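# Coordinate analysis (summary)
Each chain, written out:
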Amino acid sequence: MLRFTLLWLLVFLFASISSSSARPAPYAMRISCGARQNIRTPPTYTRWYKDFAYTGGIPANATAPSHITPPLKTLRYFPLSEGPENCYIINRVPKGHYSVRIFFGLVEHEIDNEPLFEVSIEGTIIHSLKSGWSKNDEQVFAEALVFLLDGSVSICFHSTGHGDPTIISIEILQIDERAYYFGPEWGRGVILKTTSRLTCGTSKPKFDEDYSGDHWGGDRFWHPIRTFGKNADAPRSTESGIKKASTVPNFYPEALYQSAVVSTDSKPDLAYTMDVDPNKNYSIWLHFAEIDATITSAGKRVFDVLINGDTFFENVDVVGMSGDRYTALVLNTTVALSGRTLTITLHPKKGNHAILTAIEVFQVIVAESKTSSEEVRALQSLKKSLGLPNRFGWNGDPCVPKEHPWSGADCHFDKSGRKWFIDGLGLDNQGLRGSLTNEISKLHHLQSINLSGNSIHGAIPSSLGAVTSLEILDLSYNFLNGSIPESLGKLTALRRLNLNGNSLSGRVPSALGGRLLNGASFNFTDNHGLCGIPGLPKCGPHLSAGAKVGIAFAVFLSLVLLVICSICWWKRRRNILRAQQIAAASRSAPYAKSRTQSSHDIQMSRNPSRGRTASENGPSLLS
């Protein structure tokens, strides 16, 4: 019995450990841009979701610029008439660490029209397309590792005046929380943008999916490079298994380490050079596995690793550091580069030859601080109520990327709160035809509003009085009506107010009138109904606009009731007269009279007692 209990407890403990260590599949969202239905693509039959309700733009047939581009037949492009900034907004994304990848394409029959534009994720620019991108496998897509914490992700495309942004697909793949940890600088405020990812000693490009890699590693693309140069190295490969490969947190596929390049006697140094953006920080990941049959133990191959001539790793012994042959080893460092090239050199110290399996290079990008979410919502509401034209865009974040702020919105950065906010609106003479809503008061930091020279109608929102930082308010030459809200008198910082050229009425608030004595510049002219301050008509006994409307409505309602009552009385009087006429006609007709007399005679004959007098019927019962 005791042994049975112990056995049961061991089974339960093992099951508990197994269930606690079990991990759900990572979140994955793949969008086939421009597609009207979900599809699957060979050879892996990856599922791509249809492109629905994420963004604007125009769907079209696609031309894939590269054989590594997903075999999709549609894309979405964004003409400048849709605005300079266009975004995919994808909601219900669980909080976590993600690999985000965007493939670019060409509109069918326009393969010579190669657009150039910029890409941002969550307000941070991660990629700028360069001329010739469509002919380079590593440039037909942009990829970044980013933390998504708001339950959604915005992926925006910014026009630079060189063609319309064209997007074939978007992938959002969850990866391990600690993936690509590179030091104290790593964290939620950092984005790693993939600059290059090479697999050495092979000529076949592969994705993690092709390598049957763990999904928690994402689906990385490995660009093949069989040799760094003629006679500079020799390829090596093996079919033996590789230990310590697909492990947390990066989950590198085992097959990645089954090929490599080895330097030669003629060129003992193994060197690779690539182009980079200057004055940036780069995280460099070097992969090794000793798969050369001539190296049988530790100490047989030792080399230094230099980056742009500076030694970063000394006495690298792959067998000694990994623990065995056919065992993965990964080295990582972060470097600040001022030039436009990055050269990685492996210099042999023992064994005369160096070996290299793969290279990953990421640009380290500090994520932009975003605009206050409340102010973003207020601007989106204002965009709708004012009927802002599409050419303004107003998609994504108003203030970031800093290179592409919203037209007409001025931004200021609050260092203490690490947030951007809106301190100015300049939308004068833009043909706006909508109205102002109370949502404008959510822009708490506004100092200047200029909406003059449009066709804005309706009343001035009284909530404007809550924007206490407002110094300039110019609503001149619109079609505003109603009275000036008393709440504007609370704007103690207001020094210029232009309400001229509208259809406002009523008394100007006394608080605004008193401000004129302190040097403020207010203009109320060309409003025929305003009164109460010097330069405007005097205010006599008058009612407010609301009272006037109420009285007019009451008078109208009284007239309607009077008309209804008159009609009812007239119809009733007419029916009474008609009935009297019919009765009179019946009494005067000869036939009716004879018929009435005959009926009376018949009834008297049938009931003779009814024809007698009271005395003939006997004494009264009351006597």
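- An unreviewed UniProt entry annotates the protein chain as Malectin-like domain-containing protein of Gossypium tomentosum.
- As its UniProt record puts it under Subcellular location (unreviewed entry), the protein chain is described as follows: "Membrane".

### Points about empty space enclosed by the protein
- Taken as a whole, this structure holds four cavities of 30 Å³ or more when the rule is applied.
- As a volume, the largest cavity reaches approximately 50 Å³.
- Cys156, Gly396, Asp397, Val400 and Pro401 are the residues nearest the centre of the largest cavity, which is lined by 14 residues in total.
- In terms of residues, the lining of the largest cavity owes the most to one element, strand β12 (residues 152–162), which gives three residues.
- Its residues assigned to classes, the lining of the largest cavity shows four nonpolar, seven polar and three charged.
- Residue contributions to the lining of the largest cavity reach at least three from each of two domains, namely domain 1 (24–174) and domain 3 (373–531).

### A few points about the packing of aromatic side chains
- Overall, the coordinates contain 22 aromatic pairs when judged by the stated rule.
- Judged by centre distance (6.4 Å) and plane angle (85°), the rings of Phe117 and Phe157 are edge-to-face. Of this pair, Phe117 sits in strand β9 (residues 116–121) while Phe157 sits in strand β12; the two residues are 40 residues apart in sequence, bridging distant segments of the chain.
- Its relative accessible area of 1% is what places Phe117 among the buried residues.

### Overview of the layout of surface pockets
- Roughly 1100 Å³ of volume is contained in the largest pocket.
- Around the largest pocket sit 42 residues that line it, and Lys193, Thr195, Asp277, Tyr282 and Gln363 are the ones nearest its centre.
- Secondary structure elements with two or more residues in the lining of the largest pocket: β10 (124–128), β11 (141–148), β14 (190–200), β19 (270–275), β20 (280–288) and β26 (358–366).
- Taken together, the residues of the lining of the largest pocket break down into 17 nonpolar, eleven polar and 14 charged.
- Volume-wise, the second largest pocket comes out at about 930 Å³.
- Taken together, 34 residues make up the lining of the second largest pocket; nearest its centre are Glu122, Asp150, Ser154, Lys370 and Asp397.
- Listed by contribution, the elements that provide at least two residues to the lining of the second largest pocket are β6 (85–91), β11, β12 and α3 (373–386).

### Details of the pairing of strand β21 (residues 302–307)
- Of all the six residues making up β21, six are buried; the element is thus mostly covered by neighbouring parts of the structure.
- Every second residue of β21 is oriented toward a common face, with Val302, Asp304 and Leu306 on one face and Phe303, Val305 and Ile307 on the other, all of them buried.
- Bridge count between β21 and strand β22 (residues 310–316): four bridges; the pairing is antiparallel. Across the sheet, the residue bridging to Val305 is Phe313, located in β22.
- Linking two consecutive strands that pair antiparallel, namely β21 and β22, is a turn of two residues; a positive phi of about 50° is found at Asn308 within it.

### Side note on the sheet that holds β19
- Spatial ordering of the open sheet is given by β19-β24-β21-β22, a layout of four strands whose pairing is antiparallel. Edge positions in the sheet fall to β19 and β22, since each of these pairs with one other strand and no more. For this sheet, the mean inter-axis angle between neighbouring strands, taken without regard to orientation, is 15°.
- Pairing geometry for β19 and strand β24 (residues 341–350), over six bridges, is antiparallel. Across the sheet, Ala271 pairs through a bridge with Thr345, a residue of β24.

### Some details on the state of the cysteines
- A full pass over the atoms with the stated rule returns three disulfides.
- Paired through a disulfide, Cys87 and Cys156 show a sulfur-sulfur distance of 2.0 Å. One disulfide, between Cys87 and Cys156, carries an S-S torsion of 105° and so falls in the right-handed class. With Cys87 in strand β6 and Cys156 in strand β12, this pair connects stretches of sequence that are 69 residues apart.
- A residue is classified by how much of its surface remains accessible, and Cys87, at 5% relative accessible area, is buried.
- Paired by a disulfide, Cys531 and Cys539 hold their sulfur atoms 1.9 Å apart.

### What about a nonpolar patch on the surface?
- Together, Phe556, Leu557, Val560, Leu561 and Ile564 give the surface a local cluster of nonpolar side chains, amounting to about 450 Å² of exposed area.
- Mapped onto the elements, Leu561 comes out in helix α5 (residues 545–588).
- Leu561 sits in the partly exposed class, given a relative accessible area of 49%.

Conventions adopted
Residues numbered from 1 in each chain as written. Predicted model: local features only at pLDDT ≥ 70, side-chain atom pairs only at ≥ 80, totals over all residues. Heavy atoms only, no water. UniProt positions renumbered as here; feature names shortened; annotations may be inferred. 1 Å grid on protein atoms, 1.4 Å probe; cavity = no way out; pocket = protein on both sides within 12 Å on 5 of 7 lines; lining within 4 Å. Points joined across faces, edges and corners; volume = space filled by probe spheres on them. Helix = DSSP H or I, 4+ residues; strand = E, 2+ residues; numbered from the N terminus. Nonpolar A, V, L, I, M, F, W, Y, C, P; charged D, E, K, R; others polar. Domains from an automatic or database assignment. Phe/Tyr/Trp six-rings, centres within 6.5 Å; stacked < 30°, edge-to-face > 60°. Buried < 20%, exposed > 50% of the residue type's maximum accessible area, 1.4 Å probe, protein only. Pairing = 2+ DSSP bridges. Axes fitted to C-alpha atoms, helices over the stretch in contact; angles between N-to-C directions. Disulfide = S-S within 2.5 Å. Patch = residues over 30% accessible without salt bridge, like charges linked within 9 Å, V, L, I, M, F, W, Y side chains within 5 Å. Areas by Shrake-Rupley, 256 points an atom, 1.4 Å probe, with all protein chains shown as cover. Salt bridge = Lys/Arg side-chain N within 4 Å of Asp/Glu carboxyl O.

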